[in-house]
Every structure is written in structure tokens, then in C-alpha cells.
Amino acid sequence: MRAADADWREHARRLADTIAAEGVLRDPAWRAALEAVPRHVFVPRFYTQRRPGGEPLETTAESEGWLGAVYRNEPLVTALAATSSGSRIPVSSSTKPGLMIRMLEALDLAYGHRVLEIGTGTGYNAALLAHRLGDRGVFSVDIGAELVADARKRLAGLGLAPTLVAAHGAEGLPGHAPFDRIIATCSVPAIPAAWAEQLTEGGLVLADVKRDPHAGNLAVLRRYADRLEGRFLPKWAGFMAIRDADTAPEHHHTVTVEIEAGSRSTTALDPSPWNATVQWLLTHPRLPGDLTFGYRNGGRWAFFTVCDGSWCAVRTEADQDGIREVRQSGRTAIWDEFTRAHQRWEDDGRPGWDRLGLTVLADGTHRVWLDRPDGDARWELP
Ligand SMILES: C[S@@+](CC[C@H](N)C(=O)[O-])C[C@H]1O[C@@H](n2cnc3c(N)ncnc32)[C@H](O)[C@@H]1O
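Remember, predicted model here, so these are calculated numbers, not experimental data. As a convention, each chain's residues are numbered from 1 in the sequence order in which they are written. Under the rules for a predicted model, residues below a pLDDT of 70 receive no local features and side-chain atom pairs below 80 are neither given nor counted, while totals for whole chains, interfaces and linings still include all residues. No hydrogens and no water enter the side-chain calculation; it runs on all heavy atoms of the structure.

Further remarks concern the side chain of Ser-310. Numbered from the N terminus, helices here are DSSP runs of H or I no shorter than four residues, and strands are runs of E no shorter than two. Within the element layout of this structure, Ser-310 appears in the loop between β14 (301–305) and β15 (311–315). In this structure the side chain of Ser-310 is engaged in a polar contact, spanning 2.7 Å, whose partner is the side chain of Asp-308. We define a polar contact as two N or O atoms separated by no more than 3.5 Å, with the added condition that, inside protein, one atom must be a possible hydrogen donor and the other a possible acceptor, whereas residues neighbouring each other in sequence contribute only through side-chain atom pairs. Within the structure, the side chain of Ser-310 is placed 3.1 Å from the backbone nitrogen of Arg-331, a separation counted as a polar contact.

Attention now goes to the sheet that holds strand β19 (residues 378–381). By the convention used here, strands pair only if DSSP detects at least 2 bridges between them. Across the sheet, ten strands lie side by side as β7-β6-β5-β8-β9-β10-β11-β17-β18-β19; this open sheet has mixed pairing. The open sheet has two edge strands, β7 (163–166) and β19, and neither has a second partner. For this sheet the average axis-to-axis angle between neighbouring strands, irrespective of direction, equals 20°. Here strand β5 (residues 115–118) runs beside strand β8 (residues 179–188); their pairing, made up of four bridges, is parallel. Residue pairing in the sheet places Glu-117 in a bridge with Ile-183 of β8. Across the sheet, helix α6 (residues 124–133) touches β5, β6 (138–142) and β8, and the angle it forms with β6 is around 170°. Here an axis means a line fitted to C-alpha atoms, over the contact stretch when the element is a helix, while the angle between two N-to-C directions is reported on a 0 to 180 degree scale. Note on contacts: a residue pair is in contact if any heavy atoms of the two residues lie within 4.5 Å.

Our next topic: empty space enclosed by the protein. Only protein atoms enter the 1 Å grid used here. Points where a 1.4 Å probe fits but cannot escape make up a cavity, open sets with protein on both sides within 12 Å along at least five of seven lines make up a pocket, and a residue lines them when an atom lies within 4 Å of a point. Grid points are joined across faces, edges and corners, and a volume is the space filled by probe spheres set on the points. All chains considered together, the criterion is met by two cavities of 30 Å³ or more. In terms of lining, the largest cavity is formed by Pro-189, Val-209, Lys-210, Arg-211, Ala-215, Gly-216, Phe-232, Leu-281, Val-368 and Leu-381. Classes in brief: Ala, Val, Leu, Ile, Met, Phe, Trp, Tyr, Cys and Pro nonpolar; Asp, Glu, Lys and Arg charged; the others, Gly included, polar. By residue class, the composition of the lining of the largest cavity is seven nonpolar, one polar and two charged. Empty space within the second largest cavity amounts to approximately 30 Å³. Around the second largest cavity, the lining residues are Thr-95, Met-100, Met-103, Leu-104, Asn-125, Ile-183, Thr-185 and Phe-239. Of all the elements, helix α5 (residues 97–106) adds the most residues to the lining of the second largest cavity, at three residues. Among the residues making up the lining of the second largest cavity, the classes are represented as five nonpolar, three polar and no charged.

Bringing the pairing of strand β13 (residues 292–296) into the picture now. Where β13 meets β14, five bridges bridge the pair, whose relative direction is antiparallel. Its bridge partner lying in β14, Thr-292 is registered against Thr-305.

The next subject is the site of the ligand. Near the ligand, the surroundings consist of 26 residues, among which Ser-92, Thr-122, Asp-142, Gly-169 and Arg-243 are the closest. In the environment of the ligand, an oxygen atom lies 3.4 Å from a nitrogen or oxygen atom belonging to the backbone of Ser-93. Contacts to the ligand include Asn-125, whose backbone N or O atom sits 3.1 Å from an oxygen atom. All accessibility values rest on the Shrake-Rupley procedure with a 1.4 Å probe; residue burial counts only the protein chains present in the view. Out of a free accessible area of 600 Å², the ligand has 99% covered by protein chains. Of all the secondary-structure elements, those providing two or more residues to the shell around the ligand are β4 (88–94), β5, α6, β6 and β8. With four residues, β4 is the single largest residue contributor to the shell around the ligand. In the shell around the ligand, the residues fall into ten nonpolar, 13 polar and three charged. A single heavy atom is enough: if one lies within 4 Å of a molecule or strand, its residue is considered near that molecule or strand.

To estimate how far a helix should extend, the number of its residues minus one is multiplied by 1.5 Å. Its 14 residues give helix α10 (residues 334–347) an end-to-end C-alpha distance of 20 Å, which sits within 8% of 20 Å, the value for a rise of 1.5 Å per residue. Buried residues in α10 make contact with β12 (263–267), α9 (277–283), β14, β15 and β16 (324–329). At the C-terminal side of α10, Gly-349 shows a positive phi close to 85°.

As C-alpha cells, this is what we get:
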């Protein structure tokens, strides 16, 4: 890290320029934080996956190109854990800096605010927050005890001492509540009740609300006396899902199927869920839950399952007329439900995330709405 210490400031400045060129980083206080906090201290190693299922490649501070890579506007996987099948999967990462700044700006922070971060990870975001708000304003929890211990050491090395706790973020941090802001850097299927309880009235929570890896987005919700309410951020982003333990999450329903045996139809729709995140959220109320997605048969089929064992497969390649083959099986016709939601989305004028909002009621009901919370177009998430 010796050479690094000499030139990281130039790298940090360039990173700030790159982010500013995206139209983010409008607040000079966040530019000052980005230029003052060394990301390389928080990312002494990262992992890259060369091919799906392959062994991740480790890049450390001793590796060629490490410093430059750490100051690119990219997310970096920083911790792996072994699953029961023996493969190592990402359990923590340093978020793409441009996305972090987008979220921090959306939080509308001011000096004197008390902020709770769910997902300490490397500690880099906590450092940016502590630079802006001082140690006393920053609280951060992670389910990974070792992650928290490492982050605490790195922050201390820079003279920063926000409150870090190894805990399940769904509980918030009751001993230190209330908070003016809560920011989650892992996705949640629903906003935990503890977060609403620990937020001051008028306070904001910013979280990636996703029932499934693609069905949802970041939302900024204000706390009112009887509810949380706000809008999704205009641009889609995806965080790793909240874990229930300090271990690798296990995916239980691996379905073995004979794709050709499913009932046959065709579709003109693109099966990549990343190109239809709004439509998949609108499909969600019609599905029994636990939607999974992956590719099968060497990437020839996009494959979806739900918890009742139903599945559908859609050819990734379209014919010359843009038509793809579909196979479905089980009680829930997943692709038919998606097609219906897609049609409704077309009828509503193809709304982007900027037109969608979310209300969370005290009983836990999550209601997605189009344009207005009290309008006709509303969907309750199951
Ligand atoms: C994208 S990383 C966080 C990045 C971090 N903010 C940074 O600046 O490096 C997501 C983090 O969420 C944490 N996480 C997952 N489940 C959690 C839970 N139940 N409670 C708290 N943190 C959790 C993971 O361990 C991981 O470190």
C-alpha cells in the first residue's frame, strides 16, 4: 500500500469526476467526502468471477492493477462464504460508488442527523457518512461479525469511530434509536416494522425493496404518523439480499425438470428480467412467492420457478420475427401472469420507476401505486 498512499488522492479525484459526469454528485459536501476517504483502505482485496460457477479470482493490494481497479466506478465483491455444496458465493461487496452517492444524495442528509446504515460491509459508506456527519451521527450494523470487526479497524485507522454493531439489521438498532435516516445496503423483501418504529416522524428510509432479485427497486419513504410513503428512485439498482445468518444464503428449491415436457406456447416478450423490472414487480401479486431466475441448457432457456413448484422456460434466442418458444408447467402459469402484467403496464403507458411509489402501512401491508398513492392503479404485494 506504500505506493498507493502517494497517488490515491488523484484516483479519488478522478472517481469523483466520473461520478459527477453521470449527473450525480451535485452536493459539494459529498464530493469532499469522496475525495477525502480512501476507498483502497476499505477494499484491501476483491474477487472477480471469470465465468459462472468458476472459482473467483482474488486481487489483493499486492496485485498488479489493484489500486486503479479500486477507484473505478464499479462494485467490488469483498467477501465470499461457502455454501453447503462447497461453492463460494459473494456475501459482501463495496457498492458502486456512483450508486452510493446517488443514494446518499437521495437521503437529503444534514449535519446533526442520526443515520442508521444496514449493511456495514467494508465500512466505506460508513466512512463517507462519518466524514459528513461526524462519528456521533453514524450507526451501522452488519450480520457479518468479522466484516464489522474489519470495518471498525479500518475506520479507526482513519481516525473515525462511528458506532458499529454486529447484528441482524431487520431489528434496527433499538438501543440507539430514534434515527432521522435509515439506509439499507442490502435488499429486503419488505420494510421491517422495526425500521418504521425507530425512525423519527418526517424521517426517511432508503432501501432496496425486492421480493425477488429483479422484482423491485430502491425506494425513499418518509415516515408519517400512520405509514411510510414515497417513491422508487428513477433508476433501477440491485443489492445483495438480506441474510438471516452470518453464513452463505442457501437456495433450497433447485428444480430438476424436463423442459421439453412443459406445455408449449410462444411469446414476443424478452425473457431477461433485468429488462422488465417494473413489469416483474407488477406480476408479483399474481405469483405464490419465491420467484427464482436462472439460465438452463447452456443458456438456451431463461428459467423461472415459484414456491409451488411451477416453472416456465423461455428461449433466449428469438426467431427472425422476434418470437420465442415458451414451456410452462404447474399450477401457476408464470409466463402467462407475466404477459398479463406486461399488457397492463403497456396500457398504463409503460411507466418507468419514476412513476411508481410505495406505501407501507402499520400492519405491514406494502402497496405499490402508479403516480398517486390514492389513485386507481394500486397493487398490494403478497
Ligand atoms: C453491498 S454490501 C454493503 C456495502 C457497504 N455499505 C460498504 O460500503 O461496503 C451488503 C451487506 O449487507 C450485509 N447484510 C446481509 N444481511 C444482513 C442483515 N441481516 N443484517 C445486517 N447486514 C446484513 C452483508 O453482510 C453485506 O456486508
